[in-house]
Amino acid sequence: MERFDFSRARGVVWVCDVQSSSKYLNDDSLADELETFLPRLYWTSQTLIEEAGGSFLKWTGDGFLAWFETPLHRDIGKTASAVFSAIEHLTLIVNITQLGTNPGKKFRIRHGVSYEHDALLTRITHGDGHEDLDVMGRAVVLSFRMSGIPAKFPGILAQGEVVKGYIEAGGDRIHFRKWTPNKEERLRYFKNERWGIGSLYGSAAKPRRLRSVSSAIKQGKMAILKAEGKHDEEPEGIDFMRQFLARFQSGPPWCREVIDEYTRFIREELMGTLKQFLEAIERLEDKRKHSKNEEA
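By convention here, each chain's residues receive numbers from 1 onward along its written sequence. Note on the predicted model: pLDDT of at least 70 is required for a residue's local features to be given, and 80 or more for side-chain atom pairs to be given and counted; whole-chain, interface and lining totals, by contrast, use all residues. To get the side-chain values, take all heavy atoms of the structure and skip hydrogens and water.

**Some points on the overall build of the protein**
Secondary structure elements follow DSSP: runs of H or I no shorter than four residues count as helices, runs of E no shorter than two count as strands, and numbering proceeds from the N terminus. Across its full length, the protein holds nine helices and eight strands. Expressed as a percentage of its 296 residues, the buried residues of the protein come to 41%. For the protein, long-range pairs separated by at least 24 residues make up 73% of all intrachain contacts whose partners lie at least 6 apart in sequence. In these tables, accessible area is a Shrake-Rupley quantity obtained with a 1.4 Å probe, and a residue counts as shielded only by the protein chains included in the view. Approximately 17,000 Å² of the protein is accessible, and the part contributed by carbon and sulfur atoms is 50%. Three labels apply to residues, based on accessible area from a 1.4 Å probe with only protein chains included: buried if under 20% of the type maximum, exposed if over 50%, partly exposed otherwise in between. Only heavy atoms matter for contacts: two residues are in contact if any of them lie within 4.5 Å across the pair.

**Topic: helix H2 (residues 28-51)**
In this model, H2 (24 residues) spans 36 Å end to end at C-alpha, consistent with the 34 Å of a helix rising 1.5 Å per residue. All buried positions along H2 are accounted for by Leu30, Ala31, Leu34, Phe37, Leu38, Arg40, Leu41, Thr44, Ser45, Thr47, Leu48 and Ile49. Just downstream of H2, Gly53 is the residue with a positive phi angle, here 90°. Given the number of residues in a helix, its expected span is that number minus one, multiplied by 1.5 Å.

**A look at a negative patch on the surface**
Residues enter a patch when their relative accessible area is above 30% and they make no salt bridge; the linking distance is 9 Å between like charges and 5 Å between nonpolar side chains (Val, Leu, Ile, Met, Phe, Trp, Tyr). Whenever Lys or Arg places a side-chain nitrogen within 4 Å of a carboxyl oxygen from Asp or Glu, that contact is recorded as a salt bridge. This count recognises Lys and Arg as positive and Asp and Glu as negative, with His and chain-terminal groups excluded. In this description, the location of a charge corresponds to atom NZ of lysine, CZ of arginine, CG of aspartate or CD of glutamate. Side chains of Asp27, Asp28, Asp32 and Glu35 sit close together on the surface and give a patch of like negative charge. The residue Asp28 is located in helix H2 in this model.

**Considering the side chain of Thr70**
With respect to the helices, strands and loops of the structure, Thr70 is situated in the loop between strand E3 (63-69) and helix H3 (76-97). The exposure class of Thr70 is buried, given its relative accessible area of 2%. Leaving out residues up to four positions away in the same chain, Thr70 has contacts with Arg10, Gly11, Val12, Asp75, Ile76, Thr79 and Tyr115.

**Focus: the packing of H3 against helix H5 (residues 160-168)**
In this analysis, axes come from line fits to C-alpha atoms, helices being fitted only over the stretch in contact, and the angle between any two N-to-C directions falls in the range 0 to 180 degrees. Viewed as axis vectors pointing N to C, H3 and H5 meet at an angle of 95°, and their least axial separation amounts to 7 Å. As summarised for this structure, H3 and H5 are arranged roughly perpendicular, according to the angle between their axes. On the side of H3, the interface is formed by Ile76, Gly77, Ala80, Ser81 and Phe84, while H5 contributes Glu161, Val162, Gly165 and Tyr166. In this count, Pro and Cys sit with the nonpolar residues alongside Ala, Val, Leu, Ile, Met, Phe, Trp and Tyr, while Asp, Glu, Lys and Arg are called charged and the others, Gly among them, polar. When its residues are assigned to classes, the contact of H3 with H5 shows five nonpolar, three polar and one charged. Each angle is binned into one of four classes, with values under 35 degrees roughly parallel, values over 145 roughly antiparallel, values of 65 to 115 roughly perpendicular, and all other values oblique.

**Notes on the nonpolar core**
Throughout, nonpolar core names a set of buried Ala, Val, Leu, Ile, Met, Phe, Trp, Tyr and Cys residues whose side chains join them through atoms within 4.5 Å. Counting 48 residues, the largest nonpolar core has Trp14, Phe37, Phe84 and Val113 as its most contacted members. No other element matches H3, which puts 10 residues into this core. In this structure, Leu57, Leu65, Trp67 and Leu121 belong to the second largest nonpolar core, which totals 11 residues.

**Description of the environment of Ala119**
Considering the arrangement of structural elements, one finds Ala119 in strand E4 (residues 109-125). A C-alpha to C-alpha distance of 9.7 Å links Ala119 and Asp134, two positions 15 residues apart in sequence.

**Describing the pattern of salt bridges**
Under the defined criterion, the tally for this structure stands at nine salt bridges. The closest approach of N and O atoms between Lys58 and Asp134, which form a salt bridge, is 3.4 Å. Taken together, the positions of Lys58 in strand E2 (residues 55-59) and Asp134 in strand E5 (residues 131-136) put the pair 76 residues apart, joining distant regions of the chain. Owing to a relative accessible area of 25%, Asp134 belongs among the partly exposed residues under this scheme. Glu261 serves as the salt-bridge partner of Arg264, at 3.0 Å between the closest nitrogen and oxygen. Of the two residues, Arg264 and Glu261 are both situated in helix H9 (residues 253-295); the distance of three residues between them amounts to about one turn of the helix. In this structure Glu261 comes out as partly exposed when scored by relative accessible area, which is 28%.

**A closer look at the packing of aromatic side chains**
Aromatic pairs are defined between Phe, Tyr and Trp rings, using the six-membered ring for Trp, whenever the two ring centres lie within 6.5 Å; interplanar angles under 30 degrees are classed as stacked, those over 60 as edge-to-face, and all others as tilted. Summed over all chains, the structure comprises 13 aromatic pairs. Between Phe84 and Phe176, the aromatic rings sit 5.2 Å apart at their centres with planes inclined by 40°, giving tilted as the arrangement. Here the residue Phe84 occupies a position in helix H3, and Phe176 occupies one in strand E7 (residues 175-179), the gap between them amounting to 92 residues. Just as Phe84 is buried, Phe176 falls in that class too. Seen in terms of ring centroids, Tyr166 and Phe176 are 6.2 Å apart; in terms of plane orientation they differ by 80°. Their pairing is edge-to-face.

**Side note on the packing of H2 against H3**
Closest axis-to-axis distance for the H2/H3 pair is 10 Å, and the angle between their directions is 150°. It follows from the interaxial angle that H2 and H3 lie roughly antiparallel. Handedness of the H2/H3 crossing: right-handed. Here H2 contributes Phe37, Leu41, Thr44, Ser45 and Leu48 to the contact with H3, which in turn contributes Ala86, His89, Leu90 and Val94. Tallied by class, the residues present in the contact of H2 with H3 amount to six nonpolar, three polar and no charged. Crossing chirality is assigned from the near helix's rotation relative to the far helix, an anticlockwise turn below a right angle marking it left-handed and a clockwise turn marking it right-handed.

In short, shape yes, function no, at least from these values alone.
Here it is as structure tokens:
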């Protein structure tokens, strides 16, 4: 090591954690799959983070720490949108493909996201010119603790100011609901520390909105056209996903297999199910209209 440099900065912190990783390691029938899965998660997440404009700081054994420097607080919404988009894609890929592994019990990942106002950055320069970067701060610690808390897909627990910035920037793909830990949860997840836990939000299922059958059919058909590239308006975040997949497929052979499984699932299972559902709804709607006309 040639030199240590210290500086202050602000930014969004993203910590990812593999749920119940110790249980996998302690189970001889699952340990081998976990040891295959973890390096693949490392490769996938590093590629996604760099495409989203962040820095992959370090691997934590069963997760990672990522840093998105955001000196201006007014830019927090833009950064949060990039982070949440990367989280959504990473969680989807893991849930759908298991990164090419075949565990007896599926791997799941969780995420903690915060905004660190007073980060202490440590930059270590090595003799060969290589640099290591690390970040310390109260919000960093908070992100690590939040990453161990379960939440609905895509498994995010975040500070309120990050969620607020995301919504103000127009983000609406991920719905959040306020989460307040009780006394037991405060002790279990936060070691009874109170700093930063007054305004926490977890990803949650979107509230159901009542709409007409014809409106639901129209929206479903529009989604299919966008996904199949037959509509002028492309799906949100498609450019980000294209860039990620272009880099990802140049990796080890298993990357190509993961992409193939991911696209097959979307094309055949997800889109196929949606098309079958729309066809069934349309038949029921036609039958209902026909019966109504006969009664008239």
